[in-house]
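Below are the chains, spelled out letter by letter.
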Amino acid sequence: MSQIDRDRIFTLLDQFQIELPSWGFADTGTRFGKFVQPAAARSIEEKLADAAQVHAFTGAAPRVAVHALWDFPEGAGHVAGPLQTARKLGVTIGTVNPNYFQDQKYKYGSACSPDPAARDMADKHSLDCIALAKAIGTDAWSLWFADGTNYPGQDDILTRKKRMESALKKWHDATPHGMTMYVEYKPFEPAFYHTDIADWGMAAAFCRKSGPRAKVLVDTGHHLPGANIEHIVAFLIDEGLLGGFHFNDRKYADDDLTIGSIDPYMVFRIFHEIRNAAELHGHDVSKIAYTVDQSHNLKPKIEAMLQTVVHAQELYAKACLVDRKALAVLQGKTDLVGAETLLRDAFYTDIRGVLADWRKRKGIDPDPIAAYRASGYEARVGKERTEKYGTATGGGYA
């Protein structure tokens, strides 16, 4: 690789930043229970401290997404302490995530529920989340709904659609200029007959009806088997509707696995389409939000996040290697083998040495996971938190 190429990759890596989820550092589990870890974070301050470790060892994760209910249960009036903590740690608090699924009132849905009290609760919570986002000074809040039905005839699908349209429109209009409202989708779980925002097309339709500050959020785990996610991404970019991502990997459904642990080529292809949209079609992709959405039950939480960030950087850098002009020539000649080979050559390029040099330029250890392990942070905070809280026990999902 020439020096010019390295400089270009370094510049693109400088611009590639990932937002970490606060909930990814806490003890979580499945509907069957939790597997606890001594070093898991309990408070928002501890979550910020753990996220700051990931940023310190990668140089690419300066933002931390927060969960309104779990991280700020007392609302917008209690952000000063966490904001000060974040500044001291060298990170910022990013996207605010509401909770439309945990309260018992949401048994039959939130924004789409036939129960007016549930809809009112979701409405108040949404407006509170906007106030929280304003108090934090962030530029985004991200909505995911568990709304749906389990049985045919349980509720009227079109009535629920209109309820969702009305709610999203109201919340969009309450979202300040300069702040984006991400709308996420999921084909199933916990609703198993129909989900009110079941795919990217429905999310896009709701965003269009809501207004220009509403954008689609693509969770890479939220697709049926065989879905061509990079096609969805390219389509949404061209329509001006792609807001960002929740990155994880999956084998069967929404498995919350580390990026690239199952299908790294898929992640590469997604990044390829983003760079293709920018370099060949002139789309502004600078505002796409790259957020991790993973809750690790088995891997140590900070190491899992380090793995994800490092793998994402590698796959993004590989996608930046693609010679798009040469690819366009091959596509124009319908050279299928040549075009695919060009992509695969970029994917199979060993980019780790370039990333190591990029980290050295920033004063970061070239091997983030080894450096983190050598720091002793995991053992130290595990001991401190066990002494502070006692030994945690398994329980519900979060």
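This text gives an overview of the structure that appears in the document.

Rules used in this analysis
Residues numbered from 1 in each chain as written. Predicted model: local features only at pLDDT ≥ 70, side-chain atom pairs only at ≥ 80, totals over all residues. Heavy atoms only, no water. Helix = DSSP H or I, 4+ residues; strand = E, 2+ residues; numbered from the N terminus. Buried < 20%, exposed > 50% of the residue type's maximum accessible area, 1.4 Å probe, protein only. Contact = heavy atoms within 4.5 Å. Disulfide = S-S within 2.5 Å. 1 Å grid on protein atoms, 1.4 Å probe; cavity = no way out; pocket = protein on both sides within 12 Å on 5 of 7 lines; lining within 4 Å. Points joined across faces, edges and corners; volume = space filled by probe spheres on them. Nonpolar A, V, L, I, M, F, W, Y, C, P; charged D, E, K, R; others polar.

This part is about the environment of F268. Mapped onto the secondary structure, F268 falls in helix α9 (residues 264–279). According to the relative accessible area criterion, F268 is buried, its value standing at 0%. Spatially, the C-alpha atom of F268 lies 8.9 Å from that of A317, the residues being 49 residues apart in sequence. Other than its neighbours up to four places away in sequence, F268 contacts L315, K318, A319, V322, L343, A346 and F347.

What follows concerns the state of the cysteines. In the structure shown here, the tally under the stated rule is 0 disulfides. Left without a disulfide partner, C112 is nearest to the cysteine sulfur of C207, which lies 14 Å away. The exposure class assigned to C112 is buried, which follows from its relative accessible area of 0%. For C207, a relative accessible area of 1% gives the class buried.

A complete count under the given rule lists 3 cavities of 30 Å³ or more for this structure. Roughly 50 Å³ of internal volume is contained in the largest cavity. Taken together, F25, Q37, A39, A40, D50, K301, I302 and E378 make up the full set of residues lining the largest cavity. Grouping the amino acids of the lining of the largest cavity by side-chain chemistry returns 4 nonpolar, 1 polar and 3 charged.

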